[in-house]
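Each chain, written out:
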Amino acid sequence: MRGMPPAAGADIAFWGELVPLIERGTSFLITGHEHADGDALGSQLALYWFLRQMGKKARAVNCDEPQRRLRFIDPDGVVEIYPPGGGAAWVGPCDAWFVLDTSALARIGAMGELVPALPCPKIAIDHHVFAEEEAFADINLVDDRAVATGKLIHGLGTAVGCRLDPRIALALYVAIYTDSGDNVHAMIGAGGYFSANRVSGSFGCTYHRSTFSCTGKIRVNPPWVGIRHYEYGMYI
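Cut-offs used in this document
As a convention, each chain's residues are numbered from 1 in the sequence order in which they are written. Totals for whole chains, interfaces and linings use all residues, but because this is a predicted model, local features are given only for residues with pLDDT of at least 70 and pairs of side-chain atoms are given and counted only at 80 or more. Excluded from the side-chain calculations are hydrogens and water; all other atoms, namely the structure's heavy atoms, are used. Going along the chain from the N terminus, every DSSP run of H or I of four or more residues is numbered as a helix, and every run of E of two or more is numbered as a strand. Burial classes follow relative accessibility: with a 1.4 Å probe on protein chains only, a residue under 20% of its type's maximum area counts as buried, one over 50% as exposed, and anything between as partly exposed. Contacts between residues were defined by any pair of non-hydrogen atoms, one from each residue, lying within 4.5 Å. Working definition of accessibility: Shrake-Rupley area with a 1.4 Å probe, residue cover restricted to the visible protein chains. One bridge is not enough; two strands pair if DSSP finds at least two bridges between them. Handedness is read with the strands pointing away from the viewer; a crossover is right-handed when the path from the first strand over the helix to the second is clockwise. Every case where a carboxyl oxygen of Asp or Glu lies within 4 Å of a side-chain nitrogen of Lys or Arg is listed as a salt bridge. Centres within 6.5 Å make a pair out of two Phe, Tyr or Trp rings, where for Trp the six-membered ring is used; the pair is then stacked when the planes are under 30 degrees apart, edge-to-face when over 60, and tilted otherwise. Only buried residues count toward a nonpolar core, which is a set of Ala, Val, Leu, Ile, Met, Phe, Trp, Tyr and Cys residues joined through side-chain atoms within 4.5 Å.

Undergrad: Please set out the overall build of the protein chain residue by residue, giving values where relevant.
TA: When its secondary structure is counted, the protein chain shows eight helices and 11 strands. Taking all 236 residues of the protein chain together, the buried fraction comes to 54%. Of the contacts made within the protein chain by residues no fewer than 6 positions apart, 67% connect residues no fewer than 24 positions apart. Here the protein chain has roughly 10500 Å² of accessible surface; of this, 52% comes from carbon and sulfur atoms.

Printed below as a string of structure tokens:
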């Protein structure tokens, strides 16, 4: 099992062997932890769309259904639900398996049975404190200084040369907002963990003190705690 010391997720060196692995591969599996929160689901969807942007095949698969309040970031139903016992045959060809927002085997539910079944590299990307006794991945990319796993996924997207689009920007914003809460502006802006302007730019969003407003082209309607959604934008 290989691990990497904490580093700035936006630093291309942090991603080491992962960038060529992605560039060489053609098909990938992406999983978030069970009962996925906004950081897990948003990170998963952002990585899915980054890979699709590169022309890769990707499947986003979790062990359980997304929370109803978060389904607005996956309006097309990209995330699939793994059927227990499905095994490698159900997953199909896979050059690497990304597990996001956890490095603990116990947190991926029934999908834990795939760890010995899939021959591809297992890669955990997470911002929680790493516990080796709970780990299962071949490669653990863990930066416990990062405000959210979404921040790390943004760094990975940058490292492989991808661009932000409205779907990715929304997914990353929800990911970071979830785990930074009321400190989202300080952590993203003054803290230097994430470029709010780059993320919000896809939306035509603006920040003013503690207020975030967006008037982009995305239609978001379902309710989510702390956010009011409008057909042509949102206000927080």
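Undergrad: Lay out the pairing of strand S3 (residues 57-62) with the relevant residues and their values.
TA: In this sheet, S3 lies alongside strand S2 (residues 27-32) in parallel orientation, the contact comprising four bridges. Across the sheet, the residue bridging to Leu-29 is Arg-59, located in S3. Since S2 and S3 lie parallel, the crossover through helix H2 (residues 38-53) that links them has a hand, and here it is right-handed. With two bridges connecting them, S3 and strand S4 (residues 80-81) associate as parallel partners. Residue pairing in the sheet places Asn-62 in a bridge with Ile-81 of S4.

Undergrad: Would you mind going over the pattern of salt bridges in detail, with residue names and values included?
TA: The tally for this structure, following the rule as stated, stands at three salt bridges. Across the pair Asp-143 and Lys-151 runs a salt bridge whose closest N-O atoms are separated by 3.8 Å. Each member of the pair, Asp-143 as well as Lys-151, carries the same accessibility label: buried. In this structure, a network of salt bridges that share partners links the residues Asp-143, Arg-145 and Lys-151.

Undergrad: Could you give me a rundown of the pairing of strand S5 (residues 96-100), with the residues and numbers involved?
TA: The element S5 is largely enclosed, with a buried count of five among its five residues. Because side chains alternate across S5, one face comprises the buried residues Ala-96, Phe-98 and Leu-100, and the other comprises Trp-97 and Val-99, equally buried. For S2 and S5, the ladder comprises five bridges, and the chain directions are parallel. Paired with Thr-31 across the strands is Val-99, a residue of S5. For S5 and strand S6 (residues 122-126), the ladder comprises four bridges, and the chain directions are parallel. In the strand pairing of S6, Phe-98 is matched with Ile-123.

Undergrad: So what about the environment of Asp-179? Which residues, and what values?
TA: Tracing the backbone through its elements, the reader meets Asp-179 in helix H6 (residues 166-180). As a C-alpha pair, Asp-179 and Asp-37 span 142 residues in sequence and 9.1 Å in three-dimensional space.

Undergrad: How would you summarise the environment of Cys-63 if you had to cite specific residues and measurements?
TA: Summarising the element assignment, Cys-63 is placed in the loop between S3 and S4. With 21 residues separating them in the primary sequence, Cys-63 and Pro-84 have C-alpha atoms 8.2 Å apart. Contacts of Cys-63, omitting those with residues within four sequence positions, involve Glu-34, Ile-81, Ile-108, Gly-109, Ala-110 and Met-111.

Undergrad: Report on the packing of aromatic side chains, specifying residues and quantitative values.
TA: This model, assessed by the stated rule, comprises five aromatic pairs. Geometrically, the ring pair formed by Phe-14 and Trp-15 is edge-to-face, given 4.8 Å between the ring centres and 80° between the ring planes. Look at Phe-14 and you get buried, because its relative accessible area is 2%. For Trp-15, a relative accessible area of 1% gives the class buried. Residues Phe-28 and Phe-98 carry aromatic rings whose centres are separated by 5.9 Å and whose planes lie at 40° to one another, so their mutual orientation is tilted.

Undergrad: Kindly report on the environment of Asn-140, identifying the contributing residues and their values.
TA: Turning to its location among the elements, Asn-140 is positioned in strand S7 (residues 139-142). According to the relative accessible area criterion, Asn-140 is buried, its value standing at 2%. Taking the C-alpha atoms as reference points, Asn-140 and Ala-124, 16 residues apart in sequence, are found 4.8 Å from one another.

Undergrad: Let's hear about the nonpolar core: which residues, and what values?
TA: The biggest cluster of nonpolar side chains holds 45 residues, and the ones touching the most others in it are Trp-15, Leu-18, Phe-98, Ile-123 and Ile-125. Sorting elements by how many residues they give to this core places H2 first, with nine residues.

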